[in-house]
Amino acid sequence: MENTMTLTSHVTHLECAISKKKFDNRQVQTFCSNEAEGWKAPLFAKYDFLNYVDKEVLLDREASLWRYFEFLPVLDPANIVTLGEGMTPLLHLENLAKEFGINKLLLKDESLNPTGSFKARGQAVAVSKMKELGIKQCIVPTAGNAGGALAAYGAKANIEVTVVMPRLTPEIFKQECRYFGAELILVDGLINDCGKLVAEMKAENGYFDVSTMKEPYRLEGKKTMGFEIAEQMNWELPDVIFYPTGGGTGLIGLWKAFEEMKQAGWITGKFPRLVAVQTENCQPIVWSYEGKHKNASAYQAKPSMANGLAVPSPFAERQILEILKESNGFAISVSEQELLDGVKTLSKREGLFVAPEGGALIPAMKKALENKWVSRDETILLLNTGSGYKYAENLL
Ligand SMILES: *Cc1c(COP(=O)(O)O)cnc(C)c1O
């Protein structure tokens, strides 16, 4: 990218989401755990906001997520591993806005990222940091897209990747990992079962574990969606964002971006309400939000067409719920039939072939409008996280 010599990250350290204990960002870090109190928590990258960064700097930056370099954790721009991720379109859904009588309906289309999903953002930053820290071998449990994206960036960075994926995942998710040269291991079960195998394998082989929120930097990549939404809306945020929630990295990332932009003086005013959308086959966050269980640790899930949502026990559950509350948002689930209908609606009415995770946003929005949790005169943003093309064999 141009002028890389002049770029300086404002990252200062990592901080535990619960205890606020500080961790050195110049060393390899994972997550924080307190065995006595029985919790584990993600680490959040922290930045210096006293030294002002004028948002005018963005004017001559390239159209990728690296345009926000000051608020990313990579120290030396020479370590950036990029396939052109980020700066995805923010589209106006005029046909559906008219149909539903909504004032302004937007869709951020993450399907245009490398490997067809927003997982590219997270893995671009995670792999760049692995390169910077000298990590040569890594492993990831995945519902599909995270593995493919890690395999692609690993190929580019000459880092060995092992992907552990549910056997039930559509063939293309497996095939892309093999093409990118990753080792692929298939497991009977869901992502939590993959996670168990990863825990064993990393203990044995010393691979670096890139699991959702157990690695601090995928979050930093995903938060750039929040920066882009603000920039693309001329630094005014929408009233509500519907987000298909699996491990919650995107949701936590959006909120982190809003807080950081506020601290940097880039935005003022109210933050959007964040809505976590899940499938009835796997709705641990909806259950926690509604008080149907104490937490998701023993939640029994079924597979979903929207495999990115099939995350039975998200590692960062506590942080997801805190943000839903703080943003005044809520959690909502839709059926498998409803999310498939959502994919069809976005295809037919707006020319967008979205992932089933993105399709779920349409019935969720419909229900929220009917229940008056969201009003038609608000600006509503749907965050489509992936491309429908990878799921075609399951979309009957
Ligand atoms: C991973 C994934 C999700 C869920 O993302 P989280 O950040 O883990 O909540 C949603 N949609 C798609 C297409 C995904 O690949």
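Structure: see above.
These numbers come from a predicted model, not from an experiment. (Residues numbered from 1 in each chain as written. Predicted model: local features only at pLDDT ≥ 70, side-chain atom pairs only at ≥ 80, totals over all residues. Heavy atoms only, no water.)

## Here's the deal with the sheet that holds strand β5 (residues 43-47)
An order of β2-β1-β5 is seen for the three strands of this open sheet, with the pairing classed as antiparallel. The two strands at the open ends of the sheet, each matched to only one other strand, are β2 (22-23) and β5. Note that strand β1 (residues 11-16) and β2 share two bridges and pair antiparallel. Considered in β2, the bridge of L14 is made with F23. (Pairing = 2+ DSSP bridges. Helix = DSSP H or I, 4+ residues; strand = E, 2+ residues; numbered from the N terminus.)

## Quick notes on the sheet that holds strand β8 (residues 137-141)
Backbone-to-backbone hydrogen bonds pair the strands of a sheet. The strands run either parallel or antiparallel. Spatially, the four strands line up as an open sheet ordered β10-β9-β8-β11, and their pairing is parallel. Across the chains shown, the open sheet's two edge strands, defined by having one partner strand only, are β10 (183-187) and β11 (208-209). Across the face of the sheet, helix α5 (residues 191-205) comes into contact with β8, β9 (160-166), β10 and β11 while running at roughly 155 degrees to β8. (Contact = heavy atoms within 4.5 Å. Axes fitted to C-alpha atoms, helices over the stretch in contact; angles between N-to-C directions.)

## Let's talk about the site of the ligand
The ligand sits among 16 residues. The nearest are K119, Y243, G246, G248 and T385. Between the ligand and the protein, one listed contact pairs an oxygen atom with a backbone N or O atom of G250 at 3.0 Å. Separating a nitrogen atom of the ligand from a side-chain N or O atom of T385 is a distance of 2.6 Å. When the ligand sits alone it has 380 Å² of accessible area, and the protein chains cover 96% of it. (Near = heavy atom within 4 Å. Polar contact = N/O pair within 3.5 Å; in protein donor to acceptor, adjacent residues only side chain to side chain. Areas by Shrake-Rupley, 256 points an atom, 1.4 Å probe, with all protein chains shown as cover.)

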